[in-house]
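What follows is the residue order along each chain.
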Amino acid sequence: MNGNLQLQHFILNEQKKFPYAKGDFTLLLLDIALAGKIISREVNKAGLVEILGLTGKENIQGEQVQKLDEFSNSTIVNILSRNDTVGGCASEEMADPVYFHKHTNAKYCVIFDPLDGSSNIDVNVSIGTIFSIYKLLNDGECTENDFLRKGKEQLASGYIVYGSSTMLVLTTGEGVHGFTLDPSLGEFLLSHPNMKFPEPSKRYYSVNEGNYKYWDKGVQRYVDHLKNDEKPFTLRYIGSLVSDFHRNLIYGGIFFYPLDHKNKEKPKGKLRLMYEANPLSLITKNAGGLSTDGKNEILDIKPEELHQRVPLYIGTKSFVEEAMSFINSEEK
Ligand code: AHG
Ligand code: MN
Ligand code: MN
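Let me begin by describing the structure that accompanies this report. Computed from a predicted model, the values in this text were never measured in an experiment.

**Notes on the coordination of the manganese ion (ligand 3)**
Now for step 1: For the manganese ion (ligand 3), every protein donor is listed as Glu92 (OE), Asp113 (OD) and Leu115 (O), and the spread of their distances is 2.3 to 2.4 Å.
Now for step 2: Read in sequence order, the donor residues for the manganese ion (ligand 3) give the motif E-x20-D-x1-L.

Quick look at the structure:
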């Protein structure tokens, strides 16, 4: 347990990797951790304060906005707006980025999904916050170009899962480390140093199989294989990406949300490149896993727009490679 190292000590050490960071990178990560603690507190008492339920509004993605989505979004934006090294931020819940023009010292921008898995809020199932940090292309000015970058340019990424305990999982380039919130101290303590997709591992697959009939043949054949293999895979699907991902990171497995033909004219994936796929893909890479959109590595995709959706295959490397061999084979 590394003597239960506190998050701030850990990040101060990590920051030495970035010559331009003079304490500000640590403060930024601590700000995100603070937002996580506030959201965690609110999630835990959600049933008590009538914060559950829909706001009656739709977000930019055309989805119903939950009250806790809004709360989480504004908590993160407010905290970042007080950090003068942040030039701007973009969120799944906001149509456009927010720019902090007064932050003339800005060095970073942040992209986040404030509350992932929010359809599970009302039923007490684990949900999470996902984030990415990029270094601004030019210090002191943040523009849309700072956000529209390949995932491999991320400086750091992570997620906070609000589960039976609250946990922050973080990568700053090398290695992935997990910190568990001790609620009595209000501190994140290093509980899972050097997380790696385990080998050998559980054979878990996580997918919304209710979409089977909308998938391409290759995806259908892959899922048939998972079930009919000599040693079939076990299906585990929560419906909160962050929770499904977290379980697979610890036990081993593959999560996928393939392109589907629900909309006949416009086949597409559901998950968002910038808010979900990229941050989890950096973690995956640094934990020895693999993530692709079915053809290319997620981290190599040049985004065309902020709210872009992608098919996603992510998890244990050998499982993702096997998935690719099925979905890219010629057989119809
Ligand atoms: P969000 O709550 O941020 O909109 O994300 C929901 C996502 C993701 O968490 C999950 O993996 C996926 O939607 C589940 O989709 P289905 O309900 O279609 O399975
Ligand atoms: Mn999400
Ligand atoms: Mn969300």
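Still more ground to cover, so stick around.
**Overview of the environment of Pro200**
Now for step 1: Here Pro200 shows up in the loop between strand S10 (187-192) and strand S11 (204-206).
Now for step 2: Under the relative-accessibility criterion, Pro200 is labelled exposed at 77%.
Now for step 3: In the structure, Pro200 is positioned 83 residues away from Ile283 in sequence and 19 Å away in space, judged by C-alpha atoms.

**Some thoughts on the layout of surface pockets**
Now for step 1: The volume enclosed by the largest pocket comes to roughly 390 Å³.
Now for step 2: Together, 25 residues line the largest pocket, and Gly117, Ser118, Ser119, Lys270 and Arg272 are the ones closest to its centre.
Now for step 3: For the lining of the largest pocket, the secondary structure elements donating two or more residues are strand S2 (64-66), strand S5 (108-116), strand S13 (253-257) and strand S14 (271-272).
Now for step 4: Its residues assigned to classes, the lining of the largest pocket comprises seven nonpolar, nine polar and nine charged.
Now for step 5: Counting contributing residues per domain, the lining of the largest pocket is built from domain 1 (2-192) and domain 2 (204-327), each supplying no fewer than three.

**Concerning the nonpolar core**
Now for step 1: Within the largest apolar cluster, 40 residues are counted, with the highest numbers of intra-cluster contacts made by Phe25, Leu80, Val110 and Ile133.
Now for step 2: Residue contributions to this core peak at eight residues, all from helix H2 (residues 24-44).
Now for step 3: Leaving out residues up to four positions away in the same chain, Phe25 has contacts with Ile11, Gln15, Phe18, Tyr108, Leu155, Ala156 and Thr172.
Now for step 4: Among the nonpolar cores identified, the runner-up in size contains 37 residues, and Leu148, Met195, Leu249 and Tyr257 belong to it.

**Let's talk about the pattern of salt bridges**
Pairing is possible between side chains of opposite charge, provided their charged atoms come close.
Now for step 1: All chains considered together, the criterion is met by 11 salt bridges.
Now for step 2: Among the salt bridges present, the one from Arg149 reaches Glu153, with a minimum N-O distance of 2.8 Å.
Now for step 3: For Arg149, a relative accessible area of 8% puts it in the buried group.
Now for step 4: Residue Lys227 pairs with Glu209 through a salt bridge whose shortest N-O separation is 2.5 Å. Residue Lys227 is located in helix H5 (residues 217-228), and its partner Glu209 is located in the loop between S11 and H5; the two are separated by 18 residues in the primary sequence.
Now for step 5: Classification of Lys227 by relative accessible area gives partly exposed; the value is 38%.
Now for step 6: In the salt-bridge network here, residues are joined through shared partners; they are Glu92, Arg272 and Glu276.

**Some details on the packing of aromatic side chains**
Now for step 1: For the coordinates displayed, the defined rule picks out 12 aromatic pairs.
Now for step 2: Their ring planes at 90 degrees and their centres at 5.8 Å tell us that Tyr159 and Phe245 sit as a pair that is edge-to-face. Here Tyr159 is found in strand S7 (residues 156-162), whereas its partner Phe245 is found in helix H6 (residues 241-251), with 86 residues between them in sequence.
Now for step 3: Since its relative accessible area comes to 0%, Tyr159 is described here as buried.
Now for step 4: Where Tyr237 meets Phe255, the ring centres are 6.2 Å apart and the plane angle is 25 degrees; that geometry is what we call stacked. One end of the pair, Tyr237, is in the loop between strand S12 (234-235) and H6; the other, Phe255, is in strand S13, with 18 residues separating them in the sequence.
Now for step 5: Tyr237 gets classed as partly exposed once you look at its relative accessible area, which sits at 32%.
Now for step 6: Aromatic ring contacts, followed pair by pair, group Tyr222, Phe256, Tyr313 and Phe326 into a single cluster.
Now for step 7: The side chain of Lys202 reaches across the aromatic face of Tyr251, ending 5.6 Å from its centre.

The rules we used
- Note that residues are indexed from 1 along each chain, following the sequence as it is written.
- Lettering for chains starts from A, numbering for ligands starts from 1, and both go in the order in which the items are written.
- Given that this is a predicted model, residues contribute local features only at a pLDDT of at least 70 and side-chain atom pairs are listed and counted only at 80 or more, while totals for whole chains, interfaces and linings are drawn from all residues.
- The side-chain figures draw on all heavy atoms in the structure; neither hydrogens nor water molecules are used.
- Each metal's donors comprise the N, O and S atoms found within 2.8 Å of it (within 3.2 Å for Na, K or Ca). Water is not part of the atom list, so some coordination spheres may appear incomplete.
- Starting at the N terminus, helices and strands are each numbered in turn, a helix being any DSSP run of H or I of at least four residues and a strand any DSSP run of E of at least two.
- Throughout, exposure labels follow a simple rule: accessible area from a 1.4 Å probe, protein chains only, divided by the maximum for the residue type, with under 20% read as buried, over 50% as exposed, and the rest as partly exposed.
- Grid points spaced at 1 Å and placed over the protein atoms alone form the basis of the search, with a cavity being a set where a 1.4 Å probe fits but cannot get out and a pocket an open set showing protein on both sides within 12 Å along at least five of seven lines. Lining residues have an atom within 4 Å of a point.
- Grid points are joined across faces, edges and corners, and a volume is the space filled by probe spheres set on the points.
- Amino acids outside the nonpolar list (Ala, Val, Leu, Ile, Met, Phe, Trp, Tyr, Cys, Pro) and the charged list (Asp, Glu, Lys, Arg) are all regarded as polar, and Gly is one of them.
- Boundaries between domains were set according to an automatic or database domain assignment.
- Throughout this description, the term nonpolar core refers to a set of buried Ala, Val, Leu, Ile, Met, Phe, Trp, Tyr and Cys residues connected via side-chain atoms within 4.5 Å.
- Whether two residues touch is decided by their heavy atoms; if any such pair falls within 4.5 Å, the residues are in contact.
- Put simply, a salt bridge is a Lys or Arg side-chain nitrogen that is within 4 Å of an Asp or Glu carboxyl oxygen.
- Centres within 6.5 Å make a pair out of two Phe, Tyr or Trp rings, where for Trp the six-membered ring is used; the pair is then stacked when the planes are under 30 degrees apart, edge-to-face when over 60, and tilted otherwise.
- Charge-over-ring contacts are defined here by two conditions on Lys NZ or Arg CZ: a distance within 6 Å of the ring centre and an angle within 35 degrees of the ring normal.

Any functional reading would require information that these geometric values do not contain.
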